[in-house]
Structure formats: structure tokens, C-alpha cells
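Residues per chain are reported as follows:
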2 protein chains.
Amino acid sequence: MSVQRVETVVIVGVGLIGGSFALAAKRAGRVGRVIGVGRSEKNLRRALELGVIDEASQDVAAACSAADLVLVATPVGQMARVFDAIAPVLPAHAIVTDAGSTKGDVVALMRAHLPSHLARCVPAHPIAGSDLSGAAAAQYGLYENRKVVITPLVETAPDAAELVAELWRACGANVHQMGPDEHDAVFATVSHLPHLLAFAYVGMVADKPDAVRCFDFAATGFRDFTRIAGSHPEMWRDISLANRDALLAELARYRANLDALTRLVEAGAADELNDFFEHAREARVAWHQRFLRNS
Amino acid sequence: MSVQRVETVVIVGVGLIGGSFALAAKRAGRVGRVIGVGRSEKNLRRALELGVIDEASQDVAAACSAADLVLVATPVGQMARVFDAIAPVLPAHAIVTDAGSTKGDVVALMRAHLPSHLARCVPAHPIAGSDLSGAAAAQYGLYENRKVVITPLVETAPDAAELVAELWRACGANVHQMGPDEHDAVFATVSHLPHLLAFAYVGMVADKPDAVRCFDFAATGFRDFTRIAGSHPEMWRDISLANRDALLAELARYRANLDALTRLVEAGAADELNDFFEHAREARVAWHQRFLRNS
């Protein structure tokens, strides 16, 4: 199993995530040919030029009719349409996996749109976000030492889950398994909430009457804090819709803490402000040391 | 004037900011000897070992009695004590400047504690924040292409303001001039607010019952968004107190925008969410292109 090779892989959505998977899996010798499917002819042409894919197609059904594995790496909002299109033509043995940032909704979509294929469905989330997008952003090594979370269905056949896990390991990733709800709660906290906080911040600055002057004096702290506000709007729209409940809980929790901090500023409460900042700083420093050790 | 050399410079607070100024100004040949003053004997010893300072002192008055220029690079909360200590001993020609992140309060402190010395007072803010601190963090080149904002008093003698500007230019910085209130409003927006937002976010995550599991799956987006939450608590306590009014206005403005975004998530308003994210993304991308061109 550990040296199994997948002959025909179809990547639906040849961007940073799907393209980097194709590059890494091909270099590891785990994949025969890669067919890239996408809406943008220009992006597919670029992917061919860069050697990210071997063939290009704008017809997802035709491409998937010969697939051994389909990786749906589109925004989650497009997945229903993709699953519907491929359901009638998918070979019985073909594995369907994805790279969505939310998992509860992908599980629901697979149940709704691929009901007779669930044994071969392996929902997955490679954690390698970036503000870059498109095939030109695809890169070798993107998944080195990154985490991939797999959330199999109860119907998923163990060999299908294991093959997907193996492919990701071949790309350099560490594979973890959890339930879709647990996944979505954890990522609402550590990824979805900060993205929304950063979007709200940059939008607020941009709307100020003195925005130009403000931006002029923004420096490296601003740069790092706002990097994720350069992310793909459509993707974050879909994540916000898909993980709505967990995200609203996190937004409420954040707002309560920001309100508490605002009250300390209002009151000019020096010691409490110091404690508030020290508490956060200690947690950040401890986290970062662990992060550096593990990456 | 442009090749003027300052014989004796006293740096009060030999950390990243003061230490890097000493290194750069000495390398540019603009400074004779540098006396470092600080609370921590260990930090001063390290500064001597690293060649950041030429002499060390824990007696700020004694050190400043022979100064041609004093750079107060302590947290703003310590400046009243420093100004009081040096007021009786400062040579009449000695320039007093600072590196505080807020300027309205420093202007007020200079007026209150150095009333007979205002012609030689030059409030300044080098914009080179970092989550690093201590003399060991001092580095050559920290100010290359960075901005320094000078907010002279009406009493400040032009030659004093020009000398401070010249020294910063010799360190590689671009010098700007504005009023203290304008300075504090701009930096409340682009620096102070995001620091508080990041502290509030990390504190919130750290307080969650599943914090350990959440931190385990935090990745590069989290890393960059939270970097500034590793900053110096005392410094940010002082900034929060000093720039309270402008900061409260920004907190209210941010909260209004976050509330608007929260309502879009609640309503599942797909198009409006897309527009909200797209608006922020466009502003971030445009800002970043300008930032890269200028740095």
C-alpha cells in the first residue's frame, strides 16, 4: 500500500492547493498523469506550461470518467456542481477527496450529491493557506511538514482513507484524523476568525477619510497583521457561509474579549492592561516556540 | 550642519530602538561616545559586550550632565521620572529627543518636566517596531528606509530639530514632520489598534477550554496575524494609556465594522460577504504593492 501509485489523477481547481499537490505527488512518483480541470482557460494553459498538469480540460465529467482519484480543490461553493457533474461518470473504484477549509459542509455535500459513492469519499483539509492563488502560485514543497486533516465518513472504506493519507504523506505532510465538527470548531478559532478580523480591519482603514495618509505610515506590524486580508474573497465567502455557526460563536467570544479590553482602556486601568497584554504575549511566545520546533 | 558630529550621546533605555540608533549613528561617524543608561545591569553589560554602547551607567543624572544629546528610548511611562532626574543637570545646549510611539503625551511631559529646556526638545518616533526587545536585539540597518516622524514644539529651535532629523537620516531613515495630534491619530489607526486586536485575539484563544488543541493546528496565517501580540506589555500599556482617546475612537470604528460583518455572516448574505472581503483585499493588495516599492 505504501508504494501504491495512482494512475490518473484529476485536479478540479488548479490553484495553489491543487497545483502544489500535483507537483509534489508527481515528484514523489505516486501519480501517473494529472488532468487539470478549471473554469479559466488561461490558468489551465499556465498550469500546462509550468508542468503542474499533464493535460487540461474544461469538461469535468469527461475528465473524471477515467479518473482513479479526483481532488476537488475548488472553493467549497462550487463543489455541489462538481459532484453533480461527476456522479454519473465516476468509475466505481475512483476516490473522491477535497481540499476544503471546512469539513461539515463537504461531508453534507458528498452525502447529498454522491450518495452511492460514499465508500470512496475522503474529505480532507491540507493546512497550507496563502494569500496567493492561481496555478502560477503552485510550488514544490508547499506541504513539507504541514498538517493535513482527514475527516472520513463512517461509510468511507479504510483503504480509500489510507490511500489519501499516504499520498499526502508522500507530499511531505503530517496527516491527522478528526471528526468534521471538531475540525470546523478548531479552524473557526485558529483560521477563520482571524481572517474575518483582518478583513474587517483593513476595510475599516480603507473607509477612513484619511486612509491614504494612514496607509502611508503603515509598517511591518501592519503588513504581517493584514497579510491574510489579501486572501481570496470567494473562498472566504464560502468558508463564512459553510462554518457560520462555529464562526459566529468565535466572533461573539472575540467581541466579549475586545469589549473587556476596551473597558480597560476607557478606565485607564494600567495594571489590568499590563496583565491583559502579558497574558496574550506569554501564550503567543509559547505557541511560537512550539511552532518553530515542529516546522 | 549635514556632517555635524555629536560628541556625547546618552541613550536612556538600551533596547532594540535605542541600541540600534547607537549602532547606526556610530557607524555613520556622527557620534563620539555613547553612554547607555538603564535599569538592568545585565542588559547594560550585554550592550557593552556587543559594542552597542561605550560606557554604561545606572545614574541617569550623572550620565546626562555631560550630554550633547539625550535619546530617551524607554517606555513612555518612565519618561516623567527621567525628565525630572535630568532637568537640573542638563547642559543648556543639550538636545533631548525620544523614541516614543505616542507624541501628544511626550510633548505634555516635556512641557511639564523640562519647561526651561523646550528649545532643545525634539519629540520623535522612529517607526521600527518589533516584538524583540533588549540590547541583544539591537541591529545595524534597523532604520534603513524606515520612517521617523518628528513633532517639534513651537518652542523647538530649528537647529535642534534639524540635528535630530540629520542623525536619523544618517541612520538610513526618511524623516517626516507632523503635529503630535495628527501623529497620534494616524498611529492609533495603523499601529495601536491592530496591536490591541491581536492581543485580544490571542488572549481569547488561550482562554478556550480546547486551547491546546487549537494552538496545535494554528499555522502560518495565525503566525503572521499574531506576531505583534508578542510585543512588550509595558510598552503597550503605556501606549494604550497615552493615546486613549484616539484609540477608543478606532476601537469603536472597528467594532462597528466587525458588527456589520457579523450581521452578514448571521444573514448568510453571500454577495455582500464577497463584496466586504473583496473591498478589503483590494485595499490590502494596493497597499502592499506601494509598501514594497518604497521599502
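For clarity, every value in this text was computed on a predicted model and none was experimentally measured.

Asker: Which residues make up the packing of helix H11 (residues 244–267) of chain A against helix H7 (residues 180–206) of chain B, and what are the values?
Answerer: At their nearest, the axes of H11 of chain A and H7 of chain B sit 9 Å apart, and the two run at 125° to each other. As summarised for this structure, H11 of chain A and H7 of chain B are arranged oblique, according to the angle between their axes. In this structure, the crossing between H11 of chain A and H7 of chain B has a hand that is right-handed. Here H11 of chain A contributes Glu250, Arg253, Tyr254, Asn257, Leu258, Leu261 and Val265 of chain A to the contact with H7 of chain B, which in turn contributes Leu196, Leu197, Ala200, Tyr201, Gly203 and Met204 of chain B. Looking at the contact of H11 of chain A with H7 of chain B residue by residue, the class counts come to nine nonpolar, two polar and two charged.

Asker: Explain the interface of chain A and chain B to me, and be specific about the residues and the numbers.
Answerer: Counting from both sides, the interface comprises 83 residues of chain A and, opposite them, 83 residues of chain B. Linking chain A with chain B are eight salt bridges, by the criterion used here. Of all the elements in the fold, those that place two or more residues in the side of chain A that touches chain B are strand E8 (147–150), helix H7 (180–206), helix H8 (211–216), helix H9 (220–226), helix H10 (233–242), H11 and helix H12 (270–294) of chain A. With 18 residues, the top contributor of residues to the side of chain A that touches chain B is H7 of chain A.

Asker: Describe the relation of the copies chain A and chain B, and please don't skip the residues or the numbers.
Answerer: Placing chain A over chain B gives an RMSD of 0.0 Å and needs a rotation angle of 180°, together with 0.0 Å of translation along the axis. In short, the pair behaves as if placed about a two-fold rotation axis. When C-alpha positions in chain A are compared against the rotation axis, the closest is assigned to phenylalanine 225 of chain A, at 2.1 Å.

Asker: Can you explain the environment of tyrosine 143 of chain A? Please cite residues and give values.
Answerer: Residues and elements named next belong to chain A. Take tyrosine 143: it is sitting in the loop between strand E7 (124–126) and E8. For the pair formed by tyrosine 143 and arginine 169, sequence separation is 26 residues and the distance between their alpha carbons is 8.9 Å. If we ignore the near neighbours within four places in the chain, the residues touching tyrosine 143 are Leu16, Ile17, Ser20, Phe21, Pro126, Ala128, Trp168, Cys171, Gly172 and Ala173. Side-chain polar atoms of tyrosine 143 contact the backbone oxygen of isoleucine 17, separated by 2.6 Å.

Cut-off values and rules
- Residues numbered from 1 in each chain as written.
- Chains lettered and ligands numbered in written order.
- Predicted model: local features only at pLDDT ≥ 70, side-chain atom pairs only at ≥ 80, totals over all residues.
- Heavy atoms only, no water.
- Axes fitted to C-alpha atoms, helices over the stretch in contact; angles between N-to-C directions.
- Helix = DSSP H or I, 4+ residues; strand = E, 2+ residues; numbered from the N terminus.
- Parallel < 35°, antiparallel > 145°, perpendicular 65-115°, else oblique.
- Left-handed = near helix turned anticlockwise from the far one by under 90°.
- Contact = heavy atoms within 4.5 Å.
- Nonpolar A, V, L, I, M, F, W, Y, C, P; charged D, E, K, R; others polar.
- Salt bridge = Lys/Arg side-chain N within 4 Å of Asp/Glu carboxyl O.
- Least-squares fit on C-alpha atoms with pLDDT ≥ 70 in both.
- Polar contact = N/O pair within 3.5 Å; in protein donor to acceptor, adjacent residues only side chain to side chain.

Read these as layout, nothing more, since geometry by itself doesn't imply function.
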